[in-house]
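# Secondary and tertiary structure notes
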There are 2 protein chains.
Amino acid sequence: MEKQYAVIGKRTPQVDGIEKVTGRAKFTVDLMLPNMLHGKIKRSTYPHAKIKSIDTSKAEALYGVRAVVTGMDFPERKLPGCLCDGYPVARDRVLYVGEPVAAVAADTLEIAEEAVELIEVEYEELPAVFDPEEAIKPDPLVVLHEELDSYERMMPIGKMDVKRPNVFNLYKIRCGDVEKGFQESDLVVEGRYSTAYIQNAPLEPHASVAQVEADGRITVWTSSQYPYGIRKQICGYFDFPSHKVRVIIPHVGGAFGGKSDLRAEHFCIVLSQKTGRAVKIVFTRAEEFTAASVRGPYIIDIKEGVTRDGKILAREVNAIFHGGAYSEIGFFKPSFGSNVIVGSYKIPNLKSDVYGVYTNHLVSGAYRAFGCPELAWGIESHMDIVAEKLGMDAVEFRLKNVIEEGDKNAAGEIMHSVGAKECLLKVAEAISWSRESEFRKAEDEKLPPLQKGAGGLADESSPWKRGKGIALGSKYSFAPTGSSVIVKVHHDGIELRTSAVDLGQGSNTVLAQIVGEEFGIPADEVLLILTDTDITPPDHQAGSSRQTYIVGNSTRLACLDAKRQLFEKASEKIGVAPDRLATKNYKIFVKDSPDKSINISDLFDDLFFVGPYQREGAEILGKATFNQDVSDYDPDTGQGERRVSFYSHGAQAAEVEVNVETGKVKIVKFVSAMDVGKAINPMGVEGQMEGGVHMGISNALYEHLVIDNGQVVNPNFMDYKIPNILELPHVKEIQSLIVEAHHRDGPYGAKGAGEVVLVPTAPAIANAIYNAVGVRIKDMPITAEKILNALKEK
Amino acid sequence: MEKQYAVIGKRTPQVDGIEKVTGRAKFTVDLMLPNMLHGKIKRSTYPHAKIKSIDTSKAEALYGVRAVVTGMDFPERKLPGCLCDGYPVARDRVLYVGEPVAAVAADTLEIAEEAVELIEVEYEELPAVFDPEEAIKPDPLVVLHEELDSYERMMPIGKMDVKRPNVFNLYKIRCGDVEKGFQESDLVVEGRYSTAYIQNAPLEPHASVAQVEADGRITVWTSSQYPYGIRKQICGYFDFPSHKVRVIIPHVGGAFGGKSDLRAEHFCIVLSQKTGRAVKIVFTRAEEFTAASVRGPYIIDIKEGVTRDGKILAREVNAIFHGGAYSEIGFFKPSFGSNVIVGSYKIPNLKSDVYGVYTNHLVSGAYRAFGCPELAWGIESHMDIVAEKLGMDAVEFRLKNVIEEGDKNAAGEIMHSVGAKECLLKVAEAISWSRESEFRKAEDEKLPPLQKGAGGLADESSPWKRGKGIALGSKYSFAPTGSSVIVKVHHDGIELRTSAVDLGQGSNTVLAQIVGEEFGIPADEVLLILTDTDITPPDHQAGSSRQTYIVGNSTRLACLDAKRQLFEKASEKIGVAPDRLATKNYKIFVKDSPDKSINISDLFDDLFFVGPYQREGAEILGKATFNQDVSDYDPDTGQGERRVSFYSHGAQAAEVEVNVETGKVKIVKFVSAMDVGKAINPMGVEGQMEGGVHMGISNALYEHLVIDNGQVVNPNFMDYKIPNILELPHVKEIQSLIVEAHHRDGPYGAKGAGEVVLVPTAPAIANAIYNAVGVRIKDMPITAEKILNALKEK
């Protein structure tokens, strides 16, 4: 029998929801400090050029300008990261349009903007490379980082066996004998897929404020998902002692991976050092689109060999990730994203090479699910094509190959907590899957019989054709990683100190629920301290769907440590051994004699005019660290026993209508089923699924940052289309199903829920469109124009 | 041999000095928050009146006004404190000119000021009492607090045996048989002395900002010396859970005792509750003088009986402290101030009654040395009068009676750490004391012979007459009290978390030195976290000269706890028992084999992209609480074994010139000697002495807040005279001597240094003036007018 919980597993509104929806939550963009200056960054207008000179004299002469800085005012050191391939401000050359070349601090933003215009930069344009297939060549026209001549230095994860000067990462997986696999296959299918440039587009743009104190101590407020990482980057770049740098993260208005690297923080610091005043920089929306990071495109070549009866025998993946001018956090994308190739199916023979390449484009960074949706776009489109060629139902084909508990995947991991199959069955059921399919007979007989659905061309007379599509996906969560949490016991409340940033994904609520569960109090009574490195202990990052699993674990352990201390104190007072005690509702009671109890507040003295007070040991602080380590693995084969924290699995099914006269697509029903281990907050998981579906639809059908000769053509919400509420399926048409494949290492069995939902969305839609109108779009986004062109071709 | 220290005992510049002198330190008055409103308080114009009606409609109609509140918007609860005798905002009557009756929050301060003028209050004036001798009568003309009918309730400390309805406290000391003492005396001398209304006048006025969040959590930034007290008062008054209230104290621009009670905080809170926005209130200088607390006057009657050879046999003190309309923290003044009566001399028979009385004046609160300088004004002036009548040198008379180590004082305390005699001798030596004196022969023969000084009328032809005066004083430090401190060990620094507020007195430096001493690092490398109740643990108050002794102790203990943890961790790594380890300069080494060492940073892992990290237990936090308890004592006699934390002792000597034609007084030399137990920062102790002397001279000769019919007449720095740098003795003419009577319970033997310096200043000057021109001014301040009148009378 499953353990009964009082707080976790319950539908719980976001604990910080009210302050957000009432507009009272404060974000970095809201921040004001006494005497604060406004900063503005001057950016390159060339994709590749030498800087011949920078004349700041006119800007400096402008009334109200307090400081003008160029690369020469910054330490001559590359930004810390994997590759250290970029200066924070261009010194002698620029590698993309939007690269910082100077910055200004002034009394008002208007003056700063005017001053930036007055900075005169003389460039000598150089040839640029924009095409990743050109860039990846062994002898390309342009080499972006000639200084990076040591491939050992470039490849901390994985070694590269070919010298291609614009490649910054190559992640390889080798399993079995892929050539033999293809030879033994009854059918081998090849295909090329590609994705587009898209932008994270959070509501709150990048925003930072820095104040350098007279004693050198620095406080940085910033809209970031990576507080300790930002601190480490600052300390590494400026060579500051880490205890001298305080990073505070107010509420964050979205990030989706894009707020992981230094963007404005270091400018604020240098300008504050120069002026002695606080300096604030807020990106414009245009800067978000041109100078923040983007989700760079992939070109994905897939070759798959299968038996006649639908068993995958071999898979070969060759993909190029378009990383832009500097690698930054995108360095990891080929590595981590490759996990999706091995996450869902049993593949006896696999050869996968995912390259990251430099071009003279803006920087590609993290975006929700970090490379997995892009590669899944190829894999799951390809699965449908193979199934069709086999004459097999797409669900049945997937079920024949889906990975299950205890299976070893193609990277050598023994899979645990695998809800893939259950997700697949659930969405098939919910979408009334009825394409030719045998799987129903073999599977759970208790499910109600599927109704005849509207798959295929529904109504011959209407231009609107209806179809259904399905896709499977997985999302790893990275490791090694770790998290420290402190739980402070007040006489009248329990406080959680964590640096896990809630970007809107609801981690605050989940963590408050865990504290609530452990202390027997409602989640909304838990006092949550927003991230402040002076108060909240180290945590890795709000990323990779790790908060519930990693920080959930450290939170639970910190609660246990706090309770241990409480029970020891209570034990002295009520004369019962600590291990016989429990706590609920601010009382500590004897488990087998609950009438015998003491209030937590009774463990405090009341010092006159000070209030509740510990006569010994200052405060009751439960402390814990949870570490998720990895096993060694072989960079030449990608094989290792434990390479990630966990895998979340998910399946999605779309029912679409496609207008054959206009190419327009309407999503009429969308079903997600996600395996989250244990849904600590089912309402939050559903929120993730609903938001993820909207984002996935937007990615699949609309979003495309167009870049021409290195220049972003549509850096605004007029020209860069994100669907609005009228263009997306109504929430009633979105169904979110929770699957719980308990994870033995997760808190209460929980894993992560934030990203997997995005992995199968686009291919599910592409598959549905193909089902509706018989055209297969292989390059995202699936625009009306592409559908019409394909229909015409057909 | 005294222990050698590396950091303490060294002259150390203030660790926060640079940011303060460069103007970069941020004070509450500097604070800005997004959407912040400005508040303003409407105040009573009557000293005693019924409020018939308040019409806020015109104020509410003013453009930019966001909220107008009156007493009815506040909880109907009196402010917590000893007596709970006042509402924060008048409800149906006002008791003094300046009492709050309403408040406004508006977009700008100017609008708020205009709105306050538009609030119409209709009063019905009532008779008022201003004279404390009228107020103290058993059947006075006006009773201020008829609701306080229970004297038991009014008297938590000490019981009152007479029913006098305007008395809010009576503190009694009874020792021996005072009548018998007078009968056995050869000489009995009586005298009456009085002090004036003065104001603390810190550079930074009262300033507070409050932000009430949507979830009810409240953050208050305030210029206060009492962070946890403010939090307790807020929670008590509003009935908030304490963990929902965060009090942050930025740098504080002086307080001197005046920033201990709620002044603006609760207005900010109610206005923020009403508007959902941050609200800031900064007092004007006029409000500081009329609506913040003042040092209320005393009337002191002293009767002293002595033997022919100068032994005090009996002392009777009857004093009235003028407390104003509400008691607030001033409730304690009669109790605590009484300690000065027993602190310096052996008095076999003592009867002391110090009353606090209500009148329709503004509230009297704490002021540096809390009642001691006022009572010492009487005692030490009287000592000189008695000495003269005995025909005995004033120093010799004091030396015959001065209290010494192991003596039991008149309150029953066995005195420990008593530097009084040494202070007296040192200042006599330094001022070249040469009045008829026998003591030199009896005392230390090693001192150089005294030179013939300029005592008495120096130059018959000049109107400037020269004289010398001396006085002795003591300052208790209150108890019970306590302090918690946390010391966090970073991989590259040591952080101190304390709620001990540095008001300018230098406590941050002293505490940083203690941390520096314990860790073997320079004081200025210690990272100090300013008070924030979310981070810094409970501490009682920046008051009563307690920081060095109380917080010094808890800081030292927290360092020991942190080092215990470090040594345990290091022990595992280097295989040496923890008790054989020590630390210096961020290294842990084996004491008897210093080459064997490990860096503190080696006890941290480096988590990728997170930075230094504890793989277990989140953070290294040393925690400690130091409590100073008191013994029971008898409220009817004031007798108890330990009633205070410690006594600091001090003596001062003034050399003055008095102009017999104008009455003007010049201080030509001023010497202080203070017994501080151990001077942790000699430079800081000297700073306290120099600042204290300036303040004492200002009190003695200049400051006088004139109140006419309840109305302050001179609420500004033009009419309320504080001497400027030209009117005060040059720092070269001020000599500061440190005496160290090691205290067994103090950290490194230290006591407090902040207040005793003010205790003997005014009587030393009065005694010098008498010595110069033969007139005795018994009511402070000693103005030129009073001297001239006295000279004329003579």
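As shown above, the structure is provided for reference.
All figures in this text were calculated on a predicted structure; none of them were measured in a lab.

## Quick word on the sheet that holds strand 2 (residues 49-55) of chain B
All names here are of chain B. Pairing in this open sheet of three strands is antiparallel, and the strands run 4-2-6 from one edge to the other. Unpaired on one side and paired on the other, strand 4 (93-94) and strand 6 (120-125) mark the two borders of the sheet. Sheet topology note: the strand 2/strand 6 ladder contains six bridges and is antiparallel. Opposite Ala-49, over in strand 6, you have Glu-125 as the bridge partner.

## Quick look at the packing of helix 18 (residues 682-701) of chain A against helix 19 (residues 761-773) of chain A
All names here are of chain A. For the pair helix 18 and helix 19, the least separation of the axes is 8 Å and the interaxial angle reads 60°. Taken together, the axes of helix 18 and helix 19 are oblique relative to one another. Seen from above, helix 18 lies across helix 19 with right-handed handedness. Counted together, Val-693, Gly-696, Ile-697, Ala-700 and Leu-701 of helix 18 and Thr-761, Ala-762, Ile-765 and Ile-769 of helix 19 form the full contact between these two elements. Class assignment of the residues belonging to the contact of helix 18 with helix 19 gives a composition of seven nonpolar, two polar and no charged.

## A look at the side chain of Ser-648 of chain A
Assignment of secondary structure puts Ser-648 of chain A in strand 30 (residues 644-659). A distance of 2.8 Å separates a polar atom in the side chain of Ser-648 of chain A from the backbone oxygen of Gly-752 of chain A.

## Quick word on the interface of chain B and chain A
Each side of the interface is counted separately: chain B has 75 residues, and chain A has 76 residues. With both chains or domains summed, chain B and chain A bury close to 6100 Å², and 53% of this area falls on carbon and sulfur atoms. Sorting the residues of chain B by area buried against chain A places Arg-24, His-243 and Phe-609 of chain B first, and these three jointly supply 13% of that buried surface. Joining chain B to chain A, the criterion identifies four salt bridges. Of the charged contacts in the structure, one is a salt bridge between Asp-606 of chain B and Lys-232 of chain A, with a shortest N-O distance of 3.2 Å. Counting across the interface, chain B meets chain A through 28 residue pairs in polar contact (both at pLDDT 80 or more). When residues of the side of chain B that touches chain A are assigned to their parent elements, the largest contribution, eight residues, is made by strand 19 (residues 481-490) of chain B.

## Points about the pattern of salt bridges
All names here are of chain A. Per the stated rule, a full pass over the model turns up 105 salt bridges over all chains. As a salt-bridge pair, Glu-287 and Arg-43 come within 2.9 Å of each other at their nearest N and O atoms. Within this pair, whereas Glu-287 is found in helix 9 (residues 285-290), its partner Arg-43 is found in strand 1 (residues 37-43), the two being separated by 244 residues in sequence. Judged by its relative accessible area of 14%, Arg-43 is buried.

## Considering the side chain of Asp-16 of chain A
All names here are of chain A. Locating Asp-16 in the fold gives a position in the segment before helix 1 (17-21). A polar side-chain atom of Asp-16 sits 3.0 Å from a polar atom in the side chain of Asn-508. Apart from the residues within four sequence positions on either side, Asp-16 is in contact with His-251, Asp-502 and Asn-508.

## Some points on the packing of aromatic side chains
Think of a pair of aromatic rings as described by two things: how far the centres are apart, and how the planes are tilted against each other in angle. As enumerated under the stated definition, the model contains 44 aromatic pairs over all chains in all. When the ring of Phe-168 of chain A is compared with that of Phe-331 of chain A, the centres are 6.4 Å apart and the planes differ by 40°; the resulting orientation is tilted. Residue Phe-168 of chain A is found in strand 7 (residues 167-175), and its partner Phe-331 of chain A is found in the loop between strand 16 (312-324) and helix 10 (333-337); the two are separated by 163 residues along the sequence. Accessibility expressed as a relative area gives 0% for Phe-331 of chain A, which makes it buried. On the numbers, 5.4 Å between centres and 65° between planes, the contact of Phe-74 of chain B with Phe-267 of chain B is edge-to-face.

## Quick look at the sheet that holds strand 6 (residues 120-125) of chain A
In space, the three strands of this open sheet follow the order 4-2-6 (chain A), with antiparallel pairing throughout. At either end of the open sheet lies a strand with only one pairing partner, and these are strand 4 (93-94) and strand 6 of chain A.

## Description of the relation of the copies chain B and chain A
Least-squares fitting of chain B to chain A yields an RMSD of 0.0 Å, with the superposition described by an axial translation of 0.0 Å and a rotation of 180°. Classification of the inter-copy transformation places it as that of a two-fold axis. A symmetric contact is evident, with 100% of the interface residues of chain B recurring at the interface of chain A.

## A look at the environment of Ser-672 of chain B
All names here are of chain B. Examined against the element boundaries, Ser-672 turns out to sit in strand 31 (residues 665-675). The buried category is assigned to Ser-672, whose relative accessible area is 1%. In contact with Ser-672, other than residues within four places in its own chain, are Val-427, Ala-651, Gln-652, Met-689, Val-693, Gln-735, Ser-736, Leu-737 and Val-757.

Rules and cut-offs
Residues numbered from 1 in each chain as written. Chains lettered and ligands numbered in written order. Predicted model: local features only at pLDDT ≥ 70, side-chain atom pairs only at ≥ 80, totals over all residues. Heavy atoms only, no water. Pairing = 2+ DSSP bridges. Helix = DSSP H or I, 4+ residues; strand = E, 2+ residues; numbered from the N terminus. Axes fitted to C-alpha atoms, helices over the stretch in contact; angles between N-to-C directions. Parallel < 35°, antiparallel > 145°, perpendicular 65-115°, else oblique. Left-handed = near helix turned anticlockwise from the far one by under 90°. Contact = heavy atoms within 4.5 Å. Nonpolar A, V, L, I, M, F, W, Y, C, P; charged D, E, K, R; others polar. Polar contact = N/O pair within 3.5 Å; in protein donor to acceptor, adjacent residues only side chain to side chain. Buried area = accessible area lost by both parts, 1.4 Å probe. Salt bridge = Lys/Arg side-chain N within 4 Å of Asp/Glu carboxyl O. Buried < 20%, exposed > 50% of the residue type's maximum accessible area, 1.4 Å probe, protein only. Phe/Tyr/Trp six-rings, centres within 6.5 Å; stacked < 30°, edge-to-face > 60°. Least-squares fit on C-alpha atoms with pLDDT ≥ 70 in both.

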